[in-house]
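# Geometric and topological summary
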Amino acid sequence: MSIKSSGGGLSIPKMMEPPQSSGSATGNPRNKVALKPGHSLMDWVRLGNSGVDLSGVGGVPQNVTISQLAAHNKRNDAWLAIRGKVYNVTKYMDFHPGGDDELMRGVGKDATELFNQVHAWVNYESLLHKCYVGRLVYSDSNSGPPIINKANNLIGKLFIKKDKCVTMDWYQQMSSINLQFFTRGGIPQTRVSLDKELTVSIRVGGMSHVTRIVLEDSVSWPCKVRTNYDSGKVEVLLNKSQPGIWRSLGQQQHNDSTDKQDTMFQPMEIVYISQVTHNTKLVFLRHKKCVLDSFPIGSSVQVQANLEGEEVVRSYTPVVPALHTDLIASEWRDYLCLMVKEYAKGAMSRHICSKTVKENLTVGHPVGSLSSLPCNTHLILLAAGTGFTPMVQIIQWGLGRKKLVSMSLVFFNVSERDIIWKDQLDRLANSDSRFTVTYVLSAPSDEWSGKSGRLSLDLLRELQLANEKKLDNFVFVCGPLAFNQLAQKLLGEINYTDDQFYIFQG
Ligand code: HEM
């Protein structure tokens, strides 16, 4: 689908807003140092325009390996990398408002995380434009020709405002636009919609930040949203309808307000249904307009229906495609996938399961999420039945972390036929040595050779969850209320503290 925006501003992007003379990036004014005379921002800009080679490589970009980068780690020979680009910051040392000692902390390495932690909104690309050495490559054997991204050299950048809860940055390539939103802490939920204008709403830390852009030219739908849970960065990737360089992004408006957590029910169309087990279905839904939601870990959506004269609302956890990629058509990035178990007495589950493709369901805006994610190296997931749904996202996120040492899923079900995605879980356990899965059935068939029983202290001990090493364990629990309560009690009995486990309310 291709949507034409209604034209808009053609202003050349503002390259940089000078840092304010008071206040500081971290809110701690003492962190800023007094710069020597002749080292103001204007002096730096002048130096950049003077023709002096600030990059030290004659302005000819080159690929830089990690070990080459590491060799430039001295005050008088200082390179650092941010978001895949290497800069020579030797000459910037005396101009850095945070001082040379602070800047030295990022030298000789990939300083992206550090930079984001301190001041993700600083317009480093503009400030260090003339210091650009080249791209960071991760393999030392990479001796290919330098990659010069011509489109990148024509990048526009704008909107750097440090008093906002979310700041935005953007860059373009011939066929794409990348919007980057930097949030400060918390786990953001993003909704992107495209109509006459592009609207990106980000809810984070109790605030709602809305960016409206009348795009300079048309883009295709759907877009893609990527969230980095560690840094809080949200990327919105748009594909241009026609390749080319835009002179500007278009007219923008940014608004912050307190997040009222409106549920905003809207009709969504069922586009696909897939049977997962004998009584559980995956229902894929799409908005009728161009709307794409991100579903942060721990978020849920409500489904509303009028059933026999009564308004019924039920919460479901969206299922991410980590384990069912085979089911997803590539153009369905803007879908919502719900796992629905049909209960004989569950009016809502019967209502949803009775629906067929092309029919509608009334669905609310995603709400809630974890406020932060644990950095423990051992994760234990205790899931019962469809309480497995939030675990899919935990699995995807957890295994994406380099620091993770182990992840053990203990999956409780009644019988063999109730186990959701057993094949996929077994495959994952075979392909990633950090991941193990144990199935525990309360009423298995005679053929079952795995574990049987229910959640108990003995079982937790048997699974080594109660041993001394548990200090770096973090436990996620999700199941029916009675299961969750029992898990909480047992974890308490084996001395897990409140900050060592999280219970998803089913
Ligand atoms: C990666 C290592 C870096 C560290 C540890 C670091 C640290 C700091 C600190 C502590 C401050 C002052 C305190 C504050 O405003 O809260 C600061 C300010 C600043 N830094 Fe950095 N910095 C780093 C890299 C950079 C780079 C690469 C640039 C870009 C060219 C840069 C540009 C700035 C600017 C413009 C300010 C003033 C920001 C403001 O007033 O809000 N820094 N930095």
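Chains are numbered independently. Their residues run from 1 in the order of the written sequence. Two thresholds apply to this predicted model, a pLDDT of at least 70 for residue-level local features and 80 or more for giving and counting side-chain atom pairs, whereas whole-chain, interface and lining totals are computed over all residues.

Counting secondary structure elements, the protein chain contains 11 helices and 27 strands. By the burial criterion, 34% of the 506 residues in the protein chain qualify as buried. Excluding contacts between residues fewer than 6 apart, the proportion of contacts in the protein chain whose partners are at least 24 apart in sequence is 72%. A run of H or I in DSSP counts as a helix once it spans at least four residues, and a run of E counts as a strand once it spans at least two, with each numbered from the N terminus. Neighbour density around each residue's C-beta defines its exposure: 20 or more other C-beta atoms within 10 Å make it buried, 12 or fewer make it exposed, and counts between make it partly exposed, where C-beta atoms are placed from the backbone. We call two residues in contact whenever the C-beta atoms placed from their backbones are within 7 Å.

Bringing the sheet that holds strand E3 (residues 73-74) into the picture now. The strand order across the open sheet built from five strands is E2-E6-E5-E4-E3, with neighbouring strands paired in mixed fashion. Each of the sheet's edge strands pairs with one partner strand only, and the pair in question is strand E2 (64-65) and E3. When DSSP finds at least two bridges between two strands, those strands are taken to pair. Strand direction decides the pairing type here: E2 and strand E6 (residues 132-137), joined by two bridges, are parallel. Paired with Thr-65 across the strands is Val-137, a residue of E6.

Turning our attention to the environment of Leu-455. In this fold, Leu-455 is placed in the loop between strand E25 (451-452) and helix H10 (457-462). C-alpha of Leu-455 to C-alpha of Ser-442: the two residues are 13 residues apart in sequence and 9.4 Å apart in space. If sequence neighbours within four positions are ignored, Leu-455 has contacts with Leu-382, Phe-412, Phe-483, Leu-486, Ala-487 and Leu-490.

What follows deals with the environment of Phe-284. The residue Phe-284 is located in strand E16 (residues 280-287) in this model. Sequence-wise, Phe-284 and Leu-336 are 52 residues apart; in three dimensions their C-alpha atoms are separated by 5.6 Å.

One broad trend across soluble globular proteins is that nonpolar side chains are buried collectively. Here, a nonpolar core means buried Ala, Val, Leu, Ile, Met, Phe, Trp, Tyr and Cys residues linked by C-beta atoms lying within 7 Å of one another. Formed by 57 residues in total, the largest nonpolar core has its most connected members in Leu-381, Leu-382, Ala-383, Met-391 and Phe-476. When residues of this core are sorted by domain, at least three fall in each of domain 3 (266-363) and domain 4 (378-505). The contacts of Ala-383, once residues within four sequence positions are left out, are Phe-388, Met-391, Leu-409, Phe-411, Phe-412, Cys-478 and Gly-479. With 52 residues, the next largest nonpolar core counts Leu-128, Val-166, Met-168 and Trp-221 among its residues. Residue ranges for the domains originate in an automatic or database domain assignment.

This brings us to unusual backbone geometry. Cis peptide bonds are those with omega within 30 degrees of zero, and the linkage from Trp-221 to Pro-222 qualifies with 5°. Positioned with a positive phi, Glu-308 is a non-glycine residue whose angle comes to about 50°. Relative to the helices and strands, Glu-308 resides in the loop between strand E18 (301-307) and strand E19 (310-316). Glu-308 sits in the exposed class, given 6 other C-beta atoms within 10 Å.

The strands making up a sheet are joined through hydrogen bonds of the backbone, oriented either antiparallel or parallel. One open sheet holds the five strands; their spatial order is E14-E11-E10-E9-E17, and the pairing between them is antiparallel. With one partner strand each, in any of the chains shown, strand E14 (250-258) and strand E17 (290-293) form the two edges of the open sheet. Across the sheet, the mean angle from the axis of one strand to that of its neighbour is 10°, orientation sign disregarded. Lines are fitted to the C-alpha atoms to define the axes, a helix being fitted only along its stretch in contact, and any angle between axes, read from their N-to-C directions, falls within 0 to 180 degrees.

A large share of strand E9 (residues 189-194) lies buried, amounting to five of its six residues. Relative to strand E10 (residues 198-204), E9 is paired through six bridges, and the arrangement is antiparallel. When the sheet's bridge partners are listed, Leu-194 is paired in E10 with Leu-198. Hairpin geometry of E9 and E10 is characterised by an intervening segment of three residues between the two adjacent antiparallel strands. Sheet analysis places E9 next to E17, joined by four bridges and oriented antiparallel. In the strand pairing of E17, Ser-193 is matched with Val-291.

Another aspect to go through is helix H8 (residues 389-399). With eight of its 11 residues buried, H8 lies for the most part within the structure. All of the buried residues along H8 are Thr-389, Pro-390, Met-391, Val-392, Gln-393, Ile-394, Ile-395 and Gly-398. Buried residues along H8 sit against strand E20 (335-341), strand E22 (378-384), strand E23 (406-413), strand E26 (473-479) and strand E27 (501-505).

Okay, the confidence of the model for the protein chain next. Low pLDDT marks regions whose predicted coordinates should not be analysed in detail. For every residue, the predictor assigns a confidence score, pLDDT, that lies between 0 and 100. Looking at the protein chain as a whole, the pLDDT averages 81, with 83% of positions reaching at least 70. Across residues 139-163, confidence stays below pLDDT 50; counting only partners more than four residues off in sequence or on other chains, it has 51 contacts. Scored as a complex, the prediction yields pTM 0.60 and ipTM 0.95.

All right, on to the pairing of strand E11 (residues 207-215) then. If a strand is regular, its side chains alternate between the two faces of the sheet. As paired elements, E10 and E11 share seven bridges and run antiparallel to each other. Bridged to Arg-203 within E11 is Ser-208. In this structure, the hairpin formed by E10 and E11 is closed by a connection of two residues, where Gly-205 is found at a positive phi of approximately 55°. Relative to E14, E11 runs antiparallel, the two sharing nine bridges. The residue of E14 that forms the bridge with Leu-215 is Gly-250.

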